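Analysis of the macromolecular model
Here's the letter readout for the chains.
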Amino acid sequence: MKNNTINPSKQNECIFDLLPEASPTFQTEFKKQQPIKQETQIMNTQDQTDKYGFKSQKELKQKNDPKTFNARIQKWRIMIDIFDKQEKPDKKLLKNRTRKGIPDGFRNLAWPYLAGVPQAKIDSILYLKCGKYDEFLKSQEFKFEQQIRLDVLRTFPDNVNFQDQTVLSESLVNVLKALSVAISDMGYCQGLNFLTAALIMVTNDENAFWILFRLMTKYNQAEKYKNPSYLLREFFILDSLINQYYPTTAKIFKKNNIDLFYFATEWFITLFASTLPIDLFYRVFEIFLLEGEKTLFRCALTIIHFKEQKLIQLQNNFENSLRHLKSLDDFFTLDNDQFINVMLNKFKFSRQLIQQLDEKYKKQKKK
């Protein structure tokens, strides 16, 4: 297989052009869809925004039990206190509480600990001789600033916080610039803008930067940006899992030549930040911080789970099937907990299974 890398000098080059096994037809079709604008999927008849700045009349259905919510807040106050004292919480307790969802006001405090930001700062000092976010912004040259600013305008087009020159849009530029300096062999790539924007809607610039730094290093997410052919590994693993859990859907994909490249690229490049309602993304993201890569494949399978019945109805229509796979509409009719419960209870595979499929992919790649 050809080993492609991103040429930093080609700032306008699309990451999806570099996938070696994507045919020109696949690439053309995918770029027609980029960026997927949420306003085409969420109708807006009044000048209203939700708490995150999205212009939408649709609210994600959520259970509203004040007693349960208040109890959860109290539990997370205790958990944050444990973090602040640099004590180690009970792993099972932390896992259970994170799976139930971190209350909004505590995400800014909890995410850095779940991601291991304190260790990221130590690693940065050891290996980069720089341990402060502001220092990365003092670079004399930002090779990717022009492309970053272009992509900021394309980030969540349905969100008022990223239209024109707003405080958050400038924060987005700064975090992405700093990250491109801190991980210079990765630089900046499309998709990072959505993930970063989702983070800075909850936490401050510095936290967002260090969480991203940790994702790219400890969680090994930088590989897919450094070398887009790495996505083929994720497609292989997901395809194997779809065949295992949803053989009917797998047959539909094969029958209609629906390659995972068409829709799953965006899933993995943005870690679902641009493909799930934002509140649901946050639930998945914080579980990912604690439980790792298998969460991404669980999330992908859960999307397939809720879309399979309609896919069966649309199985003879390629365009409508693809449109359905990319639509957010299904998830506005769900309670957050419905999605999370399916994700965690139906797909209980271990990290070892992902490792086994990874090894199988590597062997196949060598042939």
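Keep in mind that what you see is a predicted model, and the values were worked out from it rather than measured.

Scanning the chain from N- to C-terminus turns up 19 helices and zero strands. Relative to its full complement of 367 residues, the chain shows a buried share of 53%. In the form shown here, the chain has an accessible surface area of approximately 17800 Å², with 47% of it arising from carbon and sulfur atoms.

Attention now moves to the packing of helix α13 (residues 247-255) against helix α16 (residues 294-313). Interaxial distance between α13 and α16 falls to 10 Å at its minimum, and their mutual angle equals 55°. Regarding the angle of α13 to α16, the classification is oblique. In the crossing of α13 with α16, the sense of the turn from one axis to the other is left-handed. Across the interface between the two elements, Thr248, Thr249, Ile252 and Phe253 from α13 touch Ile304, Glu308, Leu311 and Ile312 from α16. Looking at the contact of α13 with α16 residue by residue, the class counts come to five nonpolar, two polar and one charged.

The next thing to look at is unusual backbone geometry. Of note in the backbone geometry, glutamine 86 takes a positive phi value of approximately 60° without being a glycine. Mapped onto the elements of the fold, glutamine 86 is located in the loop between α2 (66-84) and α3 (91-100). Positive phi values are uncommon outside glycine, yet asparagine 257 reaches one of about 55°. Relative to the helices and strands, asparagine 257 resides in the loop between α13 and α14 (261-269). By relative accessible area, which is 56% here, asparagine 257 ends up exposed.

Let us now look at the packing of aromatic side chains. Given two aromatic rings, one states the distance between the centres and the angle between the planes to describe the pair. The tally for this structure, following the rule as stated, stands at 30 aromatic pairs. Relative to tyrosine 113, the ring of phenylalanine 83 has its centre 4.8 Å away and its plane inclined at 15°; by these criteria the two rings are stacked. Of the two residues, phenylalanine 83 is situated in helix α2 and tyrosine 113 in helix α4 (residues 104-115); the sequence distance between them amounts to 30 residues. We classify phenylalanine 83 as buried; its relative accessible area is 7%. Taken together, the ring pairs in this structure connect Tyr52, Trp111, Tyr219, Phe281, Tyr282, Phe285 and Phe288 into an aromatic cluster. Directly above the ring of phenylalanine 142 sits lysine 177, whose terminal nitrogen or CZ lies 4.4 Å from the centroid. Above the plane of the ring of phenylalanine 349 lies arginine 298, whose end atom (NZ or CZ) is 5.9 Å from the centre.

Attention now goes to the packing of α2 against α3. The contact between α2 and α3 brings their axes to 11 Å, and the two run at 130°. On the basis of the axis angle, α2 is oblique to α3. Relative to α3, α2 is oriented so that their crossing is left-handed. Of α3, the residues touching α2 (which contributes Arg72, Lys75, Trp76, Met79 and Phe83) are Leu93, Leu94, Arg97, Thr98 and Lys100. When the residues that make up the contact of α2 with α3 are grouped by side-chain class, the tally is five nonpolar, one polar and four charged.

Here the focus is the confidence of the model for the chain. Per-residue confidence for the chain gives a mean pLDDT of 85, with 85% of residues at or over 70. With pLDDT under 50 throughout, residues 1-46 is counted as low confidence; its partners more than four residues away or in other chains account for 97 contacts.

A separate point is the pattern of salt bridges. Per the stated rule, a full pass over the model turns up 20 salt bridges. For the salt bridge of glutamate 359 with lysine 362, the shortest nitrogen-to-oxygen distance reads 3.9 Å. Of this pair, glutamate 359 and lysine 362 both sit in helix α19 (residues 351-366), separated by three residues, roughly a single helical turn.

With that settled, consider α14. In an α-helix, one turn spans 3.6 residues; hence positions three or four apart end up facing the same way. Of all nine residues in α14, nine are buried, a share of seventy percent or more. Within two residues after α14, leucine 271 carries a phi angle of roughly 55°, on the positive side.

It is worth spelling out the nonpolar core at this point. Formed by 111 residues in total, the largest nonpolar core has its most connected members in Leu215 and Phe339. The dominant element in this core, judged by the number of residues it contributes, is helix α15 (residues 278-291), at nine residues. Setting aside its immediate chain neighbours within four residues, leucine 215 contacts Leu195, Asn220, Gln221, Ala222, Leu271, Phe285, Phe288 and Leu289.

Attention now moves to the side chain of serine 169. With respect to the helices and strands, serine 169 occurs in helix α8 (residues 167-182). You can call serine 169 buried: its relative accessible area is 2%. If we ignore the near neighbours within four places in the chain, the residues touching serine 169 are Val152, Asn161, Phe162 and Asp164.

The subject of this paragraph is helix α7 (residues 145-152). Within the span of α7, buried status applies to Gln147, Ile148, Asp151 and Val152. Down the axis, α7 shows its buried residues gathered within 140° of arc, on one side only. Among the structural elements, α8 and α9 (192-200) are those in contact with the buried residues of α7.

This part covers the environment of asparagine 227. Secondary-structure assignment places asparagine 227 in the loop between α11 (222-226) and α12 (230-245). What makes asparagine 227 buried here is its relative accessible area of 15%. Along the chain, asparagine 227 and methionine 186 lie 41 residues apart, while their C-alpha atoms are 8.7 Å from each other.

Cut-off values and rules
Residues numbered from 1 in each chain as written. Predicted model: local features only at pLDDT ≥ 70, side-chain atom pairs only at ≥ 80, totals over all residues. Heavy atoms only, no water. Helix = DSSP H or I, 4+ residues; strand = E, 2+ residues; numbered from the N terminus. Buried < 20%, exposed > 50% of the residue type's maximum accessible area, 1.4 Å probe, protein only. Areas by Shrake-Rupley, 256 points an atom, 1.4 Å probe, with all protein chains shown as cover. Axes fitted to C-alpha atoms, helices over the stretch in contact; angles between N-to-C directions. Parallel < 35°, antiparallel > 145°, perpendicular 65-115°, else oblique. Left-handed = near helix turned anticlockwise from the far one by under 90°. Contact = heavy atoms within 4.5 Å. Nonpolar A, V, L, I, M, F, W, Y, C, P; charged D, E, K, R; others polar. Phe/Tyr/Trp six-rings, centres within 6.5 Å; stacked < 30°, edge-to-face > 60°. Lys NZ or Arg CZ within 6 Å of the ring centre and 35° of its normal. pLDDT = per-residue confidence, 0-100. Salt bridge = Lys/Arg side-chain N within 4 Å of Asp/Glu carboxyl O. Core = buried A, V, L, I, M, F, W, Y, C linked by side-chain atoms within 4.5 Å. Arc of directions from axis to C-beta.

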